[in-house]
Amino acid sequence: MNKYMLRRRKSQTIIILAYLALVVALIPLISILAETVIRGGIAVNLSFFIEMIPPLGQPGGGIGPAIQGTMIVVGLASLIGVPIGVFSGIYLAEFRESSLSSVARFLNDVLTNMPSIVIGIFSWALIVTVVGWSVIAGAFALAVMMIPIVTRTTEEAIKLVPATIREAALALGIPQWKTTITIVLNSAKKGIITGILLSIARISGETAPLLLTILGSRFWFGGFTQPTAALPLSIFNFSQSPYSATDWPRAWGAALILILMILGINVVVRYYTRERYG
Amino acid sequence: MKKQKHLPNFFSNLRLKSKIIYGKRGFGDLLFKTITTIITLNVFIILFFMTYKILEGSRLSIQTYGLSFLWGTTWEPFPADPSKMPSFGALPLIWGTIVTSSIALLIGVPISLGIGLALSEFAPKRFNFVVSFFVELLAAIPSVIYGLWGIFILIPFLQGNIYPFLQATLGFLPMFQGTIRGPNVLTGSIVLAIMIIPTISAVSRDVFSAVPNTQREAITALGATKWETAKIVINYARSGVIGAIILGLGRAVGETMAITMVIGNSFNMVSSLFDPGYTLPSIIANEFTEASYPPVYSSALMEVGLVLFIIALFINALARLIVWRALKIAKGAETI
């Protein structure tokens, strides 16, 4: 009996430790969210959204160009990345037995886990050395990060479509490609859109590749071959500034806007796909 | 009468139709397959050009310094004596990356496994959904915001409360000696640990949940406590757990912005955890845009990228191999 009590006590201790691990992991999350809302909330007002970025240490101004820059770069990256990702995903799901599929799947994993700074220097070597620091180089880098994620989620979403739906369509004499494009894609629509949105949320916060491609700027968008501003770069630049009174609140303000964008997408997506968690 | 007349007509019609459809299907399917195949090749093209461009960019540095780049310990793009060549050696960067990733794993893995166990074994299902959601939010926060939080919240907290205490109690160890600076290797490792927790805990929760219930039932029937059952689960899922840890390691090695902002960015072989340091990614992020001259400077940074690229490939292949083996074992066990 005594030994049994000892075993039970040990078991209870470990359960408590496991719950404690959960609490420890959630403290940073709560701290980050709370500090961003409190410190960023002070800096954010209407002019913060629409005015140009001031030089470091100057009062006034806002981060309008950074919001615009992030939207343009992420938008352009999605224009490149989404079609390529979705079509690759379709191939991997529809021809899953082919030898190309298994190699492509492996390389896709490699690309997903490639450090973002490596993608940054790759984009620098490929594009910046030719056209200079530019929006297109940044969009290329982000597209390279986005393609494997979209490919993966599209493949998974299509695999979830029941075989009976596909068989029913084929039995009606519809060609396979038409079945895929109209019926299978339609059933997998929700999963694919989820994947695209999550990948957009992911690349919106990327900083390292942008540092080596769009460089950052204080001004409004000036063309696709010019450097531009972006929210993550503004956060980084303001946080490195020595002027605590003017620039640090701006870093938190920019962080608040970025975090609202990203977590907004995440919360909406998780809410609409919650039945997956049972 | 009517039916008989109709029947052959119907069949010949069907045959005709199927011919048309079949003909069209052949062409349409071929076209569809060709187009999607070409698009799927994107990943081959991207990785080919990535390898080529990074090799090409680091060629000058490889030719100048050869293998000594890997164990050199000086980083002088602009030597004080102008007659001397600039010299580059990456050993302190590699060392910094190894130290930060190992400490991050040391802190992050037990916490992540605890979370994985709590979610798959101990906690009620309802609770599971909410907590999984929060852990996933932790993964969604951008690296630069972790860095910002690290600079303004975590560093003052650690410097004020934790570090003096650590030095007072563990100061006899060389790694806890020296002046305490806020941005240092330990701060970087702690931020990395926070960032890899969502990855490792999500994967380990999934591999724990995939353990067949018969395993739990059998050991519970023998009178095991919850922890003894959990031990069986961990043992059963151990390859998956190792795969999860390697995924976390990959993330820690490649992490750039957050660690650049909190590690102090100083090029030296760190001996104390309270020293500022550098990692492979953070020197690229910090110096690349200013490294336009001399040409060998940007080439040396490219070679740092090449080292990182090779490490990432290696970690990936390893994780892949282990997960693949784990799946094979799991399948084998199911058939038994």
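Predicted model only: the values in this text are computed from it and were never measured.

**Digging into the overall build of chain B**
Part 1 of the argument: For chain B, the helix and strand inventory stands at 13 helices and two strands.
Part 2 of the argument: Relative to its full complement of 336 residues, chain B shows a buried share of 44%.
Part 3 of the argument: Once local pairs closer than 6 in sequence are excluded, the contacts in chain B between residues at least 24 apart make up 75%.

**A short note on the overall build of chain A**
Part 1 of the argument: Summing up its helical and strand segments, chain A has 12 helices and zero strands in all.
Part 2 of the argument: Reading chain A from its N end, one meets helices and strands in the order α-α-α-α-α-α-α-α-α-α-α-α.
Part 3 of the argument: On C-alpha atoms alone, chain A measures out to a radius of gyration of 23 Å, which is more than a quarter above the 19 Å that the 2.2 N^0.38 rule sets for 278 residues.
Part 4 of the argument: Across its three principal axes, chain A shows a C-alpha extent of roughly 70 × 70 × 35 Å.
Part 5 of the argument: Out of the 278 residues belonging to chain A, those deemed buried represent 49%.
Part 6 of the argument: For chain A, the share of sequence-separated contacts (at least 6 apart) that also reach a separation of at least 24 residues comes to 75%.

**Thoughts on the domain arrangement of chain B**
Often, the extent of an interface is quoted as the loss of accessible area on bringing the components together.
Part 1 of the argument: Assigned domains of chain B: these are domain 1 (2–59) and domain 2 (91–335).
Part 2 of the argument: Taken together, the residues that form the side of domain 1 of chain B that touches domain 2 of chain B break down as two nonpolar, two polar and no charged.

**Some remarks on the nonpolar core**
The tendency in soluble globular proteins is for nonpolar side chains to be buried side by side.
Part 1 of the argument: Formed by 180 residues in total, the largest nonpolar core has its most connected members in I121 and I235 of chain A together with I145 of chain B.
Part 2 of the argument: Residue contributions to this core peak at 16 residues, all from helix α6 (residues 135–159) of chain A.
Part 3 of the argument: Three or more residues apiece are contributed to this core by two domains, here domain 1 (2–59) and domain 2 (91–335) of chain B.
Part 4 of the argument: Excluding residues that lie within four positions of it along the chain, I145 of chain B makes contacts with I32, I235, A255, L258 and I259 of chain A.

**Concerning the interface of chain B and chain A**
Part 1 of the argument: Facing the 68 residues of chain B at the interface are 71 residues of chain A.
Part 2 of the argument: When its residues are assigned to classes, the side of chain B that touches chain A shows 45 nonpolar, 16 polar and seven charged.

**Remarks on helix α12 (residues 280–287) of chain B**
Part 1 of the argument: Across the eight residues that make up α12 of chain B, a large majority, six, are buried.
Part 2 of the argument: L280, P281, S282, I283, I284 and A285 of chain B are the residues of α12 of chain B that are buried.

**Remarks on helix α8 (residues 176–187) of chain A**
All names here are of chain A.
Part 1 of the argument: Taken together, the buried positions of α8 are W177, T179, T180 and V184. Down the axis of α8, the buried side of the element spans an arc of 135°, and every buried residue falls inside it. Across from the buried face of α8, at angles greater than 90 degrees, the exposed residues are T182 and N186.

**Here's the deal with the packing of helix α4 (residues 91–122) of chain B against helix α10 (residues 238–254) of chain B**
All names here are of chain B.
Part 1 of the argument: For the pair α4 and α10, the least separation of the axes is 9 Å and the interaxial angle reads 135°. The orientation of α4 relative to α10 falls into the category oblique. With respect to the hand of their crossing, α4 and α10 are arranged in right-handed fashion. Across the interface between the two elements, T97, S101, A104, L105, G108 and V109 of α4 pack against I245, G248, L249, A252 and V253 of α10.

**Concerning unusual backbone geometry**
Part 1 of the argument: In this structure, the amide linkage connecting Y293 of chain B to the following residue, P294 of chain B, adopts the cis form with an omega of -10°.
Part 2 of the argument: With a phi close to 65°, L215 of chain A is a non-glycine residue in the positive phi region.
Part 3 of the argument: Mapped onto the secondary structure, L215 of chain A falls in the loop between α10 (208–211) and α11 (231–239).

**Brief notes about the environment of P124 of chain B**
Part 1 of the argument: Among the secondary structure elements, P124 of chain B is positioned in the loop between α4 and α5 (125–140).
Part 2 of the argument: Considered as a pair, P124 of chain B and I162 of chain B are 38 residues apart in the sequence and their alpha carbons are 34 Å apart.

**Topic: the environment of D29 of chain B**
Part 1 of the argument: With respect to the helices, strands and loops of the structure, D29 of chain B is situated in helix α1 (residues 2–40).
Part 2 of the argument: Separated by 15 residues in sequence, D29 of chain B and F44 of chain B place their C-alpha atoms 23 Å apart.
Part 3 of the argument: Not counting residues within four places of it along the chain, the set of residues in contact with D29 of chain B comprises P175, Q176 and W177 of chain A.

**Digging into the packing of α11 of chain A against helix α6 (residues 143–170) of chain B**
Part 1 of the argument: It is the contact of α11 of chain A with α6 of chain B, at a shortest axis distance of 10 Å, that shows an interaxial angle of 20°. In this view, α11 of chain A runs roughly parallel relative to α6 of chain B, as classed from their interaxial angle. Note that α11 of chain A runs across α6 of chain B; the crossing there is left-handed. Residue-level inspection shows P232, I235, F236 and S239 of chain A of α11 of chain A in contact with α6 of chain B, the latter providing V144, I145, L148 and I151 of chain B.
Part 2 of the argument: Of the residues belonging to the contact of α11 of chain A with α6 of chain B, the class tally is seven nonpolar, one polar and no charged.

**Considering the confidence of the model for chain A**
Part 1 of the argument: Mean pLDDT over chain A: 92, with 98% of residues reaching 70 or higher.
Part 2 of the argument: Averaged over each element, pLDDT in chain A is lowest for helix α7 (residues 163–171) of chain A (89) and highest for helix α3 (residues 64–94) of chain A (96).

**So, the environment of V203 of chain B**
All names here are of chain B.
Part 1 of the argument: Considering the arrangement of structural elements, one finds V203 in helix α7 (residues 185–209).
Part 2 of the argument: A count of 22 C-beta atoms within 10 Å places V203 in the buried class.
Part 3 of the argument: When the C-alpha atoms of V203 and G243 are compared, they prove to be 8.5 Å apart, with 40 residues separating the residues in sequence.

**As for the confidence of the model for chain B**
All names here are of chain B.
Part 1 of the argument: The predicted model of chain B has a mean per-residue pLDDT of 87, with 89% of residues at 70 or higher.
Part 2 of the argument: Low confidence marks residues 1–8, where pLDDT is under 50. Its contacts with residues over four positions away, or in another chain, come to zero contacts.
Part 3 of the argument: Two numbers describe this predicted complex: its pTM, 0.90, and its ipTM, 0.93.

The rules we used
- Residues numbered from 1 in each chain as written.
- Chains lettered and ligands numbered in written order.
- Predicted model: local features only at pLDDT ≥ 70, side-chain atom pairs only at ≥ 80, totals over all residues.
- Helix = DSSP H or I, 4+ residues; strand = E, 2+ residues; numbered from the N terminus.
- Buried ≥ 20, exposed ≤ 12 C-beta atoms within 10 Å, placed from the backbone.
- Contact = placed C-beta atoms within 7 Å.
- Rg over C-alpha atoms; globule rule 2.2 N^0.38 Å.
- Domains from an automatic or database assignment.
- Nonpolar A, V, L, I, M, F, W, Y, C, P; charged D, E, K, R; others polar.
- Core = buried A, V, L, I, M, F, W, Y, C linked by C-beta atoms within 7 Å.
- Arc of directions from axis to C-beta.
- Axes fitted to C-alpha atoms, helices over the stretch in contact; angles between N-to-C directions.
- Parallel < 35°, antiparallel > 145°, perpendicular 65-115°, else oblique.
- Left-handed = near helix turned anticlockwise from the far one by under 90°.
- pLDDT = per-residue confidence, 0-100.

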